[in-house]
Number of protein chains: 2
Amino acid sequence: MRRIKIIVSYDGTNYCGWQVQKNGNTIQQELESALYRLLKEKVSVIGSGRTDSGVSALGQVAHFDTNNDTIKDTKFAKALNAQLPDDIRVLSSTIVSNNFHAQHSAKEKTYHYNFYLSDVDIPYFEKIATRFSNQVDILELNKIAKEFVGTHDFGAYCSSGSSVTDTVRTIYDCSISQNDRLFTLSITGNGFLYNMVRIIMGTIIDIACGKKNISIIKQSFENKKRTLLGKTAKANGLVLYSVRYDK
Amino acid sequence: MRRIKIIVSYDGTNYCGWQVQKNGNTIQQELESALYRLLKEKVSVIGSGRTDSGVSALGQVAHFDTNNDTIKDTKFAKALNAQLPDDIRVLSSTIVSNNFHAQHSAKEKTYHYNFYLSDVDIPYFEKIATRFSNQVDILELNKIAKEFVGTHDFGAYCSSGSSVTDTVRTIYDCSISQNDRLFTLSITGNGFLYNMVRIIMGTIIDIACGKKNISIIKQSFENKKRTLLGKTAKANGLVLYSVRYDK
């Protein structure tokens, strides 16, 4: 039995997220089906974590175990890509020790949230970014983003229905860059709750345009009230950028 | 009769380019149909120039003449957007003098070509950029790009079938920027031949990775031989960024 680690990139537009579910296509399902066609073996693919419906990934990480002993570990990427739809690609595959676990061994994740500012949809940007109609300033955005850095109870930044009980997470970096008309929120942490990045994004925008006061961030860490915060920003701006493991 | 100037943004993926044609949807057709539904008047929409099949625009400019005297000039944008498919949006509309002509009055156009470097397709980037498998360096790319600046005969940078006789164009700026893993060629000139930007892009990559020598650029301006140059790069990285007119 070998354990193979894969780095997966996908355009999430046409999928109901990562996790296998009864109704609707998911990335995990597509990978397991491709592995079945390749290996004639039922294989479970374990991801570093779920991504929601419509969310994309540049560097999602997953692992699977296989009894196959003929395909060289680094060749799984190419062999899987031949079986996968165009909007999912395995960028690399390598053998790892049986102690490696894509979810439990993950030390840090980085998400990007792409957005632009306009009163009207810009169709070209809509393919990879979310529109906000507010006029906001990059310096102001970064001042707000910095408030999230550190170890906090993010219980307020979690959509209802989540069964997670420990809602304390550490954010190592939270900053916003601008490249021409596109803005990118880059956020790195030891873990993220369901919809956490999208709620942080919506809250940053609401504060930046003056709808809410910056003090609600510190308040939300204490009283964990979702109602204090901004809307959950749309899925199409969100990308799982990378997952870091110990060397 | 009023002449209205519009700025149009579109995702060209599902269109056979700008120009009305018998088979296949085009942006110009969609705009003229939307105007007909709005005004019950047959109106021709004149663009600053054609964009090819699959090419997008952030700031295409066009004009049309209308006998309608009830819709305020600035309200055409919103009224048209209600009639247009999601992948075409009018960003603004303003009345202009009858001397204004979207094509003939244009002084400068800027195109962007987005690309990334990878051995494997990255589905998220494929939505807005073209993949090159070569490994190239940003400094080297810019050294090559600079060679195109100036007034040259671009006869070699033109797909066969073009009926244009004067192939001299002036390029004011040609440079490449990098934002994380995405590269953008930005090129501004007084006009562009059919496929010119895509041939320039393909040629820059071939030179940067050592397949061709930088001297072919100067040679191509003299002997106008298309065969000297690189492949025509794919359409999906190309965006008409803006069109400049005299104030």
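Residues numbered from 1 in each chain as written. Chains lettered and ligands numbered in written order. Predicted model: local features only at pLDDT ≥ 70, side-chain atom pairs only at ≥ 80, totals over all residues. Heavy atoms only, no water.

What follows is about the packing of aromatic side chains. Residues and elements named next belong to chain A. Going through the model one piece at a time under the given rule, you end up with 26 aromatic pairs over all chains. Relative to F192, the ring of Y111 has its centre 5.2 Å away and its plane inclined at 85°; by these criteria the two rings are edge-to-face. Note that Y111 is positioned in strand β5 (residues 106-117) and F192 in the loop between β9 (182-189) and α5 (196-208), a separation of 81 residues in sequence. Y111 gets classed as buried once you look at its relative accessible area, which sits at 8%. When the centroid spacing of 6.2 Å and the interplanar angle of 45° are considered together, the rings of Y124 and F125 count as tilted. Assessed through its relative accessible area of 4%, Y124 is described here as buried. A residue is classified by how much of its surface remains accessible, and F125, at 6% relative accessible area, is buried. Ring pairing ties together the aromatic residues F148, F154, Y157 and F221, which thus form one cluster. (Phe/Tyr/Trp six-rings, centres within 6.5 Å; stacked < 30°, edge-to-face > 60°. Helix = DSSP H or I, 4+ residues; strand = E, 2+ residues; numbered from the N terminus. Buried < 20%, exposed > 50% of the residue type's maximum accessible area, 1.4 Å probe, protein only.)

Both copies of the chain are placed relative to one another by a rotation about an axis and a shift along it. In screw terms, the move from chain B to chain A is a rotation of 180° and a rise of 0.0 Å along the axis, fitting with an RMSD of 0.0 Å. Both copies are brought into coincidence by an operation consistent with a two-fold rotation axis. The residues that chain B uses at the interface reappear at the interface of chain A in 100% of cases, marking a shared surface. (Least-squares fit on C-alpha atoms with pLDDT ≥ 70 in both. Contact = heavy atoms within 4.5 Å.)

A few words now on the layout of surface pockets. Empty space among the atoms can be located by rolling a probe the size of a water molecule over them. Here the largest pocket is characterised by a volume of approximately 1000 Å³. Along the walls of the largest pocket sit 37 residues, with G49, R50, Q103, K109 and F192 of chain B positioned nearest its centre. Of all the elements in the fold, those that place two or more residues in the lining of the largest pocket are β2 (46-47), β5 (106-117) and α5 (196-208) of chain B. Counting the residues that make up the lining of the largest pocket, at least three belong to each of domain 1 (2-96) and domain 2 (108-245) of chain B. Of the volumes computed, that of the second largest pocket is approximately 800 Å³. Along the wall of the second largest pocket there are 32 residues; nearest its centre are G49, R50, Q103, K109 and F192 of chain A. (1 Å grid on protein atoms, 1.4 Å probe; cavity = no way out; pocket = protein on both sides within 12 Å on 5 of 7 lines; lining within 4 Å. Points joined across faces, edges and corners; volume = space filled by probe spheres on them. Domains from an automatic or database assignment.)

All names here are of chain B. The phi dihedral of K40 falls on the positive side, at around 55°, and the residue is not glycine. As for its placement among the helices and strands, K40 is situated in the loop between α1 (27-39) and β2. For K40, a relative accessible area of 63% translates into the label exposed. Notably, D180 is not glycine yet its phi reads approximately 60°, a positive angle. Secondary-structure assignment places D180 in the loop between β8 (168-179) and β9 (182-189).

Moving on to the interface of chain B and chain A. Residue-level contacts link 29 residues of chain B with 29 residues of chain A. In terms of surface lost to chain A, no three residues of chain B exceed P123, Y124 and K127 of chain B, which account for 31% of the buried area on that side. If you look at where chain B meets chain A, you find two salt bridges. Where K127 of chain B meets D11 of chain A, a salt bridge forms, and the shortest distance between an N and an O atom there is 3.1 Å. Across the contact surface, chain B and chain A share 11 residue pairs in polar contact (both at pLDDT 80 or more). Mapped by element, the contributors of at least two residues to the side of chain B that touches chain A are β1 (2-10), β3 (56-66), β4 (88-96), β5, α3 (123-126) and β10 (238-245) of chain B. Sorting elements by how many residues they give to the side of chain B that touches chain A places β4 of chain B first, with four residues. (Buried area = accessible area lost by both parts, 1.4 Å probe. Salt bridge = Lys/Arg side-chain N within 4 Å of Asp/Glu carboxyl O. Polar contact = N/O pair within 3.5 Å; in protein donor to acceptor, adjacent residues only side chain to side chain.)

Once that is clear, we can look at the packing of helix α4 (residues 138-146) of chain B against α5 of chain B. Residues and elements named next belong to chain B. Relative to each other, α4 and α5 sit at 130°, their axes nearing to 9 Å. As judged from the angle between their axes, α4 and α5 are oblique. Here α4 and α5 pass one another in a crossing that is right-handed. Taking contact as the criterion, the partners of E140, L141, I144 and A145 in α4 are, on α5, I204, I205, I207 and A208. Here the residues of the contact of α4 with α5 sort into seven nonpolar, no polar and one charged. (Axes fitted to C-alpha atoms, helices over the stretch in contact; angles between N-to-C directions. Parallel < 35°, antiparallel > 145°, perpendicular 65-115°, else oblique. Left-handed = near helix turned anticlockwise from the far one by under 90°. Nonpolar A, V, L, I, M, F, W, Y, C, P; charged D, E, K, R; others polar.)

For the rest of this paragraph, the subject is the state of the cysteines. A full pass over the atoms with the stated rule returns zero disulfides over all chains. Lacking any disulfide linkage, C158 of chain A is separated from the closest cysteine sulfur, that of C174 of chain A, by 17 Å. According to the relative accessible area criterion, C158 of chain A is buried, its value standing at 13%. Between C174 of chain B, a free cysteine, and C209 of chain B, which holds the nearest cysteine sulfur, the sulfur-to-sulfur gap is 17 Å. Judged by relative accessible area, C174 of chain B falls into the buried class, the value being 3%. (Disulfide = S-S within 2.5 Å.)

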